[in-house]
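Each chain is listed here by its residues.
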Amino acid sequence: MKSIPNYDCDFYSDAFIEMPHYHYTKMRQLGPVVYIPQLNNFAITKFKALKKALFDFESLCSGDGIAADEVGCKYVKGQIVSSDPPVHRVMRKAMLPPLMPKNINEISPIVKKESIKLINKLIKQKEFDAVSDLAQFLPLNIVRDLVGVPDFGKGNMLNWAGASFDVIGVQNQRGKRGVEEIIKLRKFITGKLNLKTVKQNSWIGRILQLIKDGLLEENLGNCLIRDYINPSLDTTISAISHLILLLSENYNEWIKLQKNSSLIKNTINEAIRLGSPIRSFSRKANKNVDIEGYHIPKNSRVMMLFASANRDEEIFKNSHKFDIERSFNEHLGFGYGIHSCVGKYLAQLEMSSLLEAMIPSIKKIETKKT
Ligand code: HEM
């Protein structure tokens with residue numbers, strides 16, 4: 001067995017988050033598995049090893065939580081992402097229908113229409129905030145209503161979405177704030193959401209109806225409601241923001257895209273590969289695991305570094321480069337295996353609709369970092 005190298009870092013500090021790829025590159029240079037002493041966690045850094053690990057849900061399980069520490073795990077327990085089969089299968093079956101391509105296609109005309117209206121408005125303004133004016137628009141104006149949170153709770157949704165990712169880390173200031181918000185969200189779900197208060201024909205309304213009809217256990221249903229509320233905003237807002245930044249920094253790619261709109265899908269993939277809105281979730285080893293000759297002892301917490309694997313130089317040539325014509329782009333930004341993202345068709349629809357609206361009317365994108 002090979003010995004696992006240490007990588008000393010404060011993974012959830014602002015300093016790390018501000019320049020993550022400096023660290024991920026150094027981690028990958030050490031090998032496919034590193035040990036982070038400060039967290040007492042192992043981390044999988046490279047593409048092939050991560051893909052294999054994500055597929056092996058029996059050895060590397062999610063049911064004990066997917067956060068970096070035990071406190072964080074406590075606040076994600078019960079969610080679909082923190083479940084194992086057979087419960088995971090029940091939850092996924094209940095959650096999937098509105099997010100399947102057929103149903104996403106049905107909302108496509110309205111998403112496209114709203115995207116055109118938004119882009120036309122922003123063009124007139126000339127200068128705008130790429131995150132709050134552009135990236136947040138579809139998640140806040142369309143997705144939020146699809147989820148179905150009533151108007152009196154809508155204003156908190158962005159906060160709760162952020163909190164759900166903050167608790168995935170450790171108990172620093174950000175993690176503690178996340179825990180406070182998650183406690184409020186849990187109270188809101190059980191105390192305020194019912195078939196009379198939520199929006200009709202919404203995703204949450206559907207779950208409440210399944211509970212009422214005796215087709216879904218109440219505790220699973222309440223978790224699924226949170227599974228719609230938490231990941232539906234921040235992930236896509238981060239992905240769209242990254243897409244805009246990359247297009248502004250890579251004028252040649254923007255020109256290529258304008259000349260050939262069949263590159264839209266690849267452009268979105270490339271933005272998600274480079275941006276990796278979810279940088280890491282963890283798993284618990286429920287037996288001794290061998291990853292490419294590295295021994296991970298039973299009960300260890302193992303971090304799945306999506307963001308690092310997506311820039312693995314052995315898989316992606318010039319891996320830091322934004323190349324919308326990249327021939328291999330099977331990134332792990334939407335995960336892989338049984339927990340792969342259920343919201344990816346929605347996220348892709350939002351991103352492609354914005355690009356389709358931008359292509360005919362925008363010559364050049366310039367960003368000023370503030
Ligand atoms: C660009 C946007 C998005 C990215 C990059 C993203 C990324 C991911 C990743 C990496 C995973 C795998 C987690 C794991 O293996 O532990 C995941 C799972 C998941 N995503 Fe997304 N996501 C996005 C958008 C969405 C949206 C819009 C929704 C909601 C409607 C959503 C709902 C979920 C859920 C519920 C899971 C857990 C699935 C399961 O455990 O079976 N995601 N996502």
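Below is a summary of the structure that appears in this document. (Residues numbered from 1 in each chain as written. Predicted model: local features only at pLDDT ≥ 70, side-chain atom pairs only at ≥ 80, totals over all residues. Heavy atoms only, no water.)

Some points on the overall build of the protein
Next, step 1: Assigned secondary structure in the protein consists of 18 helices and 7 strands.
Next, step 2: Relative to the globule expectation of 21 Å for 370 residues, the C-alpha radius of gyration of the protein, 21 Å, shows essentially globular dimensions.
Next, step 3: Counting only residues that meet the buried cut, the protein has 55% of its 370 residues in that class.
Next, step 4: Pairs at least 24 residues apart make up 71% of the contacts formed inside the protein by residues separated by at least 6 positions.
Next, step 5: Split by element, the accessible area of the protein, about 17,500 Å² in all, is 52% carbon and sulfur. (Helix = DSSP H or I, 4+ residues; strand = E, 2+ residues; numbered from the N terminus. Rg over C-alpha atoms; globule rule 2.2 N^0.38 Å. Buried < 20%, exposed > 50% of the residue type's maximum accessible area, 1.4 Å probe, protein only. Contact = heavy atoms within 4.5 Å. Areas by Shrake-Rupley, 256 points an atom, 1.4 Å probe, with all protein chains shown as cover.)

Digging into the sheet that holds strand β4 (residues 281-285)
Next, step 1: Taken together, the 5 strands give an open sheet; going across it, the order is β1-β2-β7-β4-β3, and neighbouring strands pair in mixed fashion. Both outer strands of the open sheet, β1 (33-36) and β3 (60-61), are each paired with one neighbouring strand and no more. (Pairing = 2+ DSSP bridges.)

With respect to the coordination of the iron atom of the ligand
Next, step 1: What the protein offers the iron atom of the ligand as a donor is a single atom, Cys-341 (SG), at 2.3 Å.
Next, step 2: Mapping Cys-341 onto the fold places it in the loop between α17 (306-309) and α18 (344-358). (Donors = N, O, S within 2.8 Å, 3.2 Å for Na, K, Ca; no water.)

Remarks on the packing of helix α11 (residues 173-192) against helix α13 (residues 218-229)
Next, step 1: Contact pair α11 / α13: the axes reach a minimum separation of 10 Å and the direction vectors enclose 120 degrees. What the angle tells us is that α11 and α13 run oblique. Between α11 and α13 lies a crossing of right-handed hand. The segment α11 lies against α13, with Ile-182, Leu-185, Arg-186, Ile-189 and Thr-190 engaging Asn-222, Ile-225, Arg-226 and Ile-229.
Next, step 2: Here the residues of the contact of α11 with α13 are counted per class, giving 5 nonpolar, 2 polar and 2 charged. (Axes fitted to C-alpha atoms, helices over the stretch in contact; angles between N-to-C directions. Parallel < 35°, antiparallel > 145°, perpendicular 65-115°, else oblique. Left-handed = near helix turned anticlockwise from the far one by under 90°. Nonpolar A, V, L, I, M, F, W, Y, C, P; charged D, E, K, R; others polar.)

Focus on the pattern of salt bridges
Next, step 1: Summed over the entire model, instances satisfying the criterion amount to 20 salt bridges.
Next, step 2: Residue Lys-199 is joined to Asp-151 by a salt bridge in which the shortest nitrogen-to-oxygen separation is 2.9 Å. Taken as a pair, Lys-199 in the loop between α11 and α12 (203-212) and Asp-151 in helix α9 (residues 151-154) lie far apart in primary sequence, 48 residues in all.
Next, step 3: Residue classification places Asp-151 among the exposed residues on the basis of a relative accessible area of 55%.
Next, step 4: In this structure, the salt-bridge partner of Glu-181 is Lys-184, at a minimum N-O distance of 3.3 Å. With Glu-181 and Lys-184 both in helix α11 and 3 residues apart, this pair spans about one turn of that helix.
Next, step 5: A relative accessible area of 48% places Lys-184 in the partly exposed class. (Salt bridge = Lys/Arg side-chain N within 4 Å of Asp/Glu carboxyl O.)

Details of the site of the ligand
Next, step 1: Every one of the 27 residues lining the ligand counts as a neighbour, but His-88, Arg-92, Arg-283, His-339 and Cys-341 are closest to it.
Next, step 2: The contact in question runs from an oxygen atom of the ligand to an N or O atom on the backbone of Ile-80, over 3.5 Å.
Next, step 3: Using a 2 Å cut-off from the grid points, one finds that the ligand occupies the largest cavity.
Next, step 4: The set of elements that each furnish at least two residues to the shell around the ligand consists of α5 (87-95), α14 (234-249) and β4.
Next, step 5: For the shell around the ligand, the per-class residue count stands at 16 nonpolar, 9 polar and 2 charged. (Near = heavy atom within 4 Å. Polar contact = N/O pair within 3.5 Å; in protein donor to acceptor, adjacent residues only side chain to side chain. 1 Å grid on protein atoms, 1.4 Å probe; cavity = no way out; pocket = protein on both sides within 12 Å on 5 of 7 lines; lining within 4 Å. Sits in = over half its atoms within 2 Å of the grid points.)

Side note on empty space enclosed by the protein
Next, step 1: One pass over the structure, following the stated rule, counts 1 cavity of 30 Å³ or more.
Next, step 2: Looking at the largest cavity, its volume works out to about 820 Å³.
Next, step 3: For the largest cavity, the lining is made up of 43 residues, of which Pro-231, Thr-235, Ile-278, Phe-281 and Cys-341 are closest to its centre.
Next, step 4: Secondary structure elements with two or more residues in the lining of the largest cavity: α5, α10 (157-166), α13, α14, β4 and α18.
Next, step 5: It is α18 that provides the largest number of residues to the lining of the largest cavity, a total of 4 residues.
Next, step 6: Partitioning the lining of the largest cavity into residue classes produces 26 nonpolar, 12 polar and 5 charged. (Points joined across faces, edges and corners; volume = space filled by probe spheres on them.)

Looking at helix α8 (residues 137-147)
Residue pairs spaced three or four apart in an α-helix point in one direction, given the helix's 3.6 residues per turn.
Next, step 1: A large share of α8 lies buried, amounting to 9 of its 11 residues.
Next, step 2: Along α8, the residues classified as buried are Phe-137, Leu-138, Pro-139, Leu-140, Ile-142, Val-143, Arg-144, Leu-146 and Val-147.

Some details on the packing of aromatic side chains
Next, step 1: Across all of its chains, the model carries 14 aromatic pairs by this definition.
Next, step 2: Residues Tyr-35 and Phe-42 carry aromatic rings whose centres are separated by 5.2 Å and whose planes lie at 55 degrees to one another, so their mutual orientation is tilted. The residues Tyr-35 and Phe-42 share a single accessibility class, namely buried.
Next, step 3: Ring geometry for Trp-203 against Tyr-228: centres 5.3 Å apart, planes inclined by 45 degrees, an arrangement best described as tilted. With Trp-203 in helix α12 and Tyr-228 in helix α13, this pair connects stretches of sequence that are 25 residues apart.
Next, step 4: In this structure Trp-203 comes out as buried when scored by relative accessible area, which is 7%.
Next, step 5: Three or more aromatic residues joined by ring pairs form one cluster here, namely Phe-11, Tyr-12, Phe-16 and Tyr-24.
Next, step 6: Lying over the aromatic face of Phe-316, Arg-273 brings its terminal NZ or CZ to 4.8 Å of the ring centre.
Next, step 7: Above the face of the Tyr-251 ring, Lys-364 is positioned so that its terminal group lies 5.0 Å from the ring centre. (Phe/Tyr/Trp six-rings, centres within 6.5 Å; stacked < 30°, edge-to-face > 60°. Lys NZ or Arg CZ within 6 Å of the ring centre and 35° of its normal.)

A few points about the environment of Gly-337
Next, step 1: Summarising the element assignment, Gly-337 is placed in the loop between α17 and α18.
Next, step 2: Overall, the relative accessible area of 26% leaves Gly-337 in the partly exposed class.
Next, step 3: C-alpha separation for the pair Gly-337 and Trp-203, spaced 134 residues apart in sequence, amounts to 24 Å.

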